[in-house]
Amino acid sequence: MHNPLCHLSLLFSCLLLTATTGRAQLSMQSDTSTRLGMRRNTTDNNAAVIKQYEIGGITVSGTKYLDEDLLIAVTGLTIGNKIRLQNDESIAKAIVNLWKQELFSDISINVSKTVGTRVFLDIKVEERPRLSRYNFKGIKKGEATELKDKAGLVKGRVVTEAIKKEAIVRIQKYFSEKGYGNVSVNIRERIDTLSVNSVVLTFDIDKGYKTRINQVNISGNESAGELKLKRIMRSTKEMSRISLYPADKVSVYEKNERSFGNYLSGAGFLSLSKTLEALDPYFRYNFFSSSKFNINKYEEDKMSLIEYYNTLGYRDASIEKDTTYKVENGNINIDLQVKEGRKYYFGNIEWKGNTKYSSETLSKLLGIKKGDVYSQQLLDTRLGKQLSPEGGEDVSSLYMDDGYLFFNVDAVEVSIVADTINYEMRITEGPQATIRNVTIAGNDRTNEHVIRRELRTLPGNKFSRADLIRTQREIANLGFFDQEKIGIQPKPNQEDGTVDIGYTVVEKSSDQLQLSAGFGGGVNFYGNVGVVFSNFSLRNIFKLKTWDPLPMGDGQRLSLNYQSNGRFFNSLNFSFTEPWLGGKKPNSLTTNLLYSRFAQPTSTNSASESYMRVLGGGVSLSKRIKWPDDNFVFTYGINYQNFKLKNYTLLEGVSDGYSNNLFFRLVLARYSVDKPLYPTSGSNFSFTFQFTPPYSSISGRDYTNATSSEKYKWVEYHKYRFTVEWYQKIVGNMVFKLATKYGFMGYYNNSIGYSPFERFQLGGDGLSGRNFFVGKDIIAHRGFREPYQNNAVIFNKYTAEVRYPFSLSPTSTIYGLAFVEAANAWNDFKDYNPAKLNRSAGLGVRIFLPMFGLLGLDYGIGFDRFSRANGTTRMGDIANFTFMLGFEPD
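In what follows, the accompanying structure is described. Treat the numbers as computed from the prediction; the structure is a model and nothing was measured.

**What about a nonpolar patch on the surface?**
Taken together, the side chains of L560, Y562, L572, F574, L593, Y595 and L615 present a nonpolar region at the surface, about 630 Å² in accessible area. Elements represented by at least two residues in the nonpolar patch include exactly β23 (556-564), β24 (569-578) and β25 (588-599). As for its position among the elements, Y562 is in strand β23.

**Digging into the packing of aromatic side chains**
What the rule picks out here adds up to 37 aromatic pairs. Judged by centre distance (6.4 Å) and plane angle (45°), the rings of Y640 and W714 are tilted. Within this pair, whereas Y640 is found in strand β27 (residues 632-646), its partner W714 is found in the loop between α17 (708-711) and β30 (718-729), the two being separated by 74 residues in sequence. Taking the relative accessible area as the measure of exposure, W714 reaches 34% and is therefore partly exposed. Each ring, one from Y804 and one from F806, has its centre 6.0 Å from the other, and the planes form 70°; the classification is edge-to-face. Given a relative accessible area of 43%, Y804 falls into the partly exposed group. By way of ring pairs, the aromatic residues F664, F689, F691, Y720, F744, W826, F829 and Y832 are connected into one cluster. Stacked on the ring of Y374, the Lys or Arg R315 has its end atom at 5.6 Å from the ring centre. Looking at R701, its charged tip hangs above the ring of Y703, at a distance of 5.2 Å from the centre.

**Quick look at the sheet that holds strand β16 (residues 408-417)**
Within the open sheet, the 3 strands sit side by side as β15-β17-β16. Their pairing is mixed. Strands at the two margins of the open sheet, each flanked by one partner only, are β15 (345-352) and β16. Neighbour-to-neighbour, the strand axes of this sheet turn through a mean angle of 25°, independent of strand direction. Against the sheet, helix α12 (residues 376-383) touches β15, β16 and β17 (420-428), its axis set at about 20° to β17.

**With respect to a positive patch on the surface**
There is a patch of like positive charges on the surface, built from K228, R231, R234 and K237. With respect to the helices, strands and loops of the structure, K237 is situated in the loop between α6 (226-232) and β11 (240-242). You can call K237 partly exposed: its relative accessible area is 31%.

**As for the sheet that holds strand β34 (residues 787-792)**
In spatial order, the strands read β33-β32-β34; together these 3 strands make up an open sheet with mixed pairing. Of all strands in the sheet, those with a lone pairing partner are β33 (776-779) and β34, marking the two edges. For this sheet the average axis-to-axis angle between neighbouring strands, irrespective of direction, equals 15°. Sheet topology note: the strand β32 (residues 759-763)/β33 ladder contains 4 bridges and is parallel. In the sheet register, R759 faces β33, and the bridge partner there is K776.

**Looking at helix α15 (residues 465-478)**
Here α15 is 14 residues long and its end C-alpha atoms lie 21 Å apart, about the 20 Å a rise of 1.5 Å per residue gives. Burial in α15 covers these residues: L468, R470, T471, R473, E474, I475 and A476. The secondary structure elements touched by the buried residues of α15 are α14 (448-452), β19 (487-493), β20 (498-504), β26 (611-625) and β28 (657-671). By the N-cap criterion, in which a side-chain oxygen at the helix start approaches the backbone nitrogen of a residue two or three places on, α15 is capped by S464, the distance to A466 being 3.4 Å.

**Notes on the environment of E146**
Looking at where E146 falls in the secondary structure, it is placed in helix α4 (residues 141-150). Residue E146 is classed as partly exposed on the basis of its relative accessible area of 37%. Taking the C-alpha atoms as reference points, E146 and Y174, 28 residues apart in sequence, are found 9.2 Å from one another. Beyond its immediate sequence surroundings of up to four residues, E146 is in contact with Y174 and K178.

**Considerations on helix α3 (residues 89-100)**
The terminal C-alpha atoms of α3, which comprises 12 residues, lie 16 Å apart, in line with the 16 Å expected from a rise of 1.5 Å per residue. All of the buried residues along α3 are I91, A94, I95, V96, N97, L98 and W99. Directly after α3, the chain includes E102, whose backbone phi takes a positive value near 55°.

**Topic: the side chain of S559**
Tracing the backbone through its elements, the reader meets S559 in strand β23. Here the side chain of S559 touches S575 through a polar contact of 2.7 Å, side chain to side chain. Residues contacting S559, with those up to four places away along its chain left out, are V531, V532, N573, F574 and S575.

**Side note on the pairing of strand β6 (residues 118-127)**
Counting buried positions along β6 yields 7 of 10 residues, so the element is predominantly enclosed. With 7 bridges joining them, strand β3 (residues 53-61) and β6 adopt parallel strand pairing. Residue pairing in the sheet places E54 in a bridge with R118 of β6. Here strand β5 (residues 104-115) pairs with β6 via 10 bridges, running antiparallel. When the bridges of β6 are listed, F104 appears paired with E127. As consecutive antiparallel partners, β5 and β6 are separated by 2 residues, and within that stretch G116 has a phi angle of approximately 65°, a positive value.

**Regarding the pattern of salt bridges**
Following the criterion strictly, the structure yields 37 salt bridges and no others. In this structure, E474 and R456 form a salt bridge, with 3.6 Å as the shortest nitrogen-oxygen distance. With a gap of 18 residues between them, E474 in helix α15 and R456 in the loop between α14 and α15 connect regions that are remote in the sequence. Each member of the pair, E474 as well as R456, is classed as buried.

**Overview of the environment of P676**
Take P676: it is sitting in the loop between β28 and β29 (681-691). Given a relative accessible area of 34%, P676 falls into the partly exposed group.

**Some thoughts on the pairing of β25**
Every regular strand shows the same layout, with side chains that alternate between the two sheet faces. Judged from the 10 bridges that link them, β24 and β25 form a sheet pairing that is antiparallel. Along β25, the bridge assignment pairs S575 with N592. Strand direction decides the pairing type here: β25 and β26, joined by 12 bridges, are antiparallel. Residue pairing for β26: Y595 is matched across the bridge by L615.

How each quantity is defined
- Residues numbered from 1 in each chain as written.
- Predicted model: local features only at pLDDT ≥ 70, side-chain atom pairs only at ≥ 80, totals over all residues.
- Heavy atoms only, no water.
- Patch = residues over 30% accessible without salt bridge, like charges linked within 9 Å, V, L, I, M, F, W, Y side chains within 5 Å.
- Areas by Shrake-Rupley, 256 points an atom, 1.4 Å probe, with all protein chains shown as cover.
- Salt bridge = Lys/Arg side-chain N within 4 Å of Asp/Glu carboxyl O.
- Helix = DSSP H or I, 4+ residues; strand = E, 2+ residues; numbered from the N terminus.
- Phe/Tyr/Trp six-rings, centres within 6.5 Å; stacked < 30°, edge-to-face > 60°.
- Buried < 20%, exposed > 50% of the residue type's maximum accessible area, 1.4 Å probe, protein only.
- Lys NZ or Arg CZ within 6 Å of the ring centre and 35° of its normal.
- Pairing = 2+ DSSP bridges.
- Axes fitted to C-alpha atoms, helices over the stretch in contact; angles between N-to-C directions.
- Contact = heavy atoms within 4.5 Å.
- Lys, Arg positive; Asp, Glu negative; His and termini not counted.
- Charge placed at Lys NZ, Arg CZ, Asp CG, Glu CD.
- Expected span 1.5 Å × (residues − 1).
- Polar contact = N/O pair within 3.5 Å; in protein donor to acceptor, adjacent residues only side chain to side chain.

Now the structure itself:
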């Protein structure tokens, strides 16, 4: 048995011995393996026998940037605490807490002095250096710029090993997504002599070669073909090559693939061919199209593979093993082993809890019968738990469109017999919800009533999901808000069976400064300057605080447009639209005034001696109608135009005099496009009937021998236009567009015939159907530089486009397109042949900038221009660019 007095005596002797030197040192070891020291300065030899001290004060030394009070708080030590001078847990814990901050390279706690039973501590730290600058070596300038945002490095932050490792991981991930799978990163750290306690980090990056997928091998697949499964893996594609040389020569060309790509982008294919023939006589023609390996997309593709199997009924399908390994050419092979499992089928489907609709109605809407191949995706889509890419009705929308906001359906597997799954659809219908409150937020410029009048969800109405979707579309079509950020938040109140709906919008600029240009339409090159205020407010015109730069907020449209190509062509147009005349119904009032002068100078006549002048205006009313549905709008209006011809040959025998064109226009249109800037679904069609009074029949005069001035003093005709546009999403955001246009003009009197005005001009770049320029409807046809019909009375035009967006931002909507078009026009109905069409195809791009409107560039090839190319088939003779600003050609 040990004697405690002996231990106490030994401890006292040790303290006394060290006291003779004037310093006593106590050391302890933390779990971070850092030696921590506590020193005290005292001449009190008896103080050492005191087992506990009270902390009388705490100071911090060695800090340069950190807050001392905050560091003391982190330690957990406070004045008044009791501590021991040897092996005290609170001291050890304080040091550990400081180490956890990863801010220091050295930490110690010292005793600065003792006063009686009180001890005064000093926390001495050495701060880690901070990051002053960092740079990247071994990569391109553009890559370094992108990495500055992705590396997670912040200037002024403490540099730790963890931060360095995280930066390396981020850099490797960045290049891995670009196909570089063997990136090495070394960090060089040096002291920054220009800043206190700071370092500069240099990242030496070796990207290596892109890791491409040489081959994908799939095994275990019995019910799905390997090619189909590879197509499902959209982002994991193996290298494809077309080779006409022996297989043992492949490695030679794979090693030189990178240099081949430089030839392809530089000297062209002929130079590439010659170079490769010089390298190897076996070479003929070889194209490489390789796929980079991205581990994240690879994992997504494996999930897509399983989801595809699930749609085939293999709900237990799995990937048992997948292996990636390098091959001799430096790329990788992927081996996938699939376990398909058993194929399942739907069995009996019973409905429980449904009172509103019968089981037969729900089963018909579900569209799944006993014996159908099992698909969880199909089941979720038909129940409304998952959005259908094809659209259409589902069980949830059937209920929710009738107010059953609290509706819920659970598909419960009640039994699995062999390969058949029996379901019970358990429905909770709940009460029909009534809309209580509707709020709108985010409309900083637009008056609330402009938005509220577009709502289909009104207080007191039954809740309807279809009305929510329609409202979102109507708000987007106003054009005042970011269509991608229109928020709808229903807030159910189950206590009283009501729902509050909150709409949030984000304003965007809808006004436009139109600076447009074009070529064609009989006026050659022309320019356009105009302003469009799409959210104008006439009633606030005397309230200066609403001007930005004109009074805004009521959704009215005011436009002023001037077009010219110098002294040969000038046009001025003014229009104003009130979309809700009276403020209670969507009845639109539009007025417009126009002036146009088009000269036709010759070698003997100047612009002032041969021209056509047009002066006119009109007014129209539009009304939304509810039959067949409320997407229809009926417009009726009256317009007047006065034409002055001076030595201007419009038609043979029609070159001088005045003509008047008083006409009525009726338009029936239906608009159901989801987004105005980049439509992905819906359609837009219109039928226009334009006619003048039959003056010759009213007067009863015989015009057989009448002069052109007498025949056309008051022009008479009846004209029809029919336009259809249809949009459908294909894959992702890729959209397919179909459009067709028809036009026909008729006459009342055989002796007068067709009117020389209001005819159709087809071909060229067009002027977007602004017929007051030259008294014609101008129909563009991409790929045909000049008009090929100038005075037609009937035309057909068909267009098909595939569109793909590069940016859907409201500040810059950009998409590319590929198109095919076919059109023709005829001067008389007896010559009409709808099968005889002029065809073209090409590529284009569209850019929408809120300030300037739509900008576009198309490159079209007119196939039926071969016969017009003077016997040659040069590309320059049959193709041309179309550049447009401000509007889409008709």
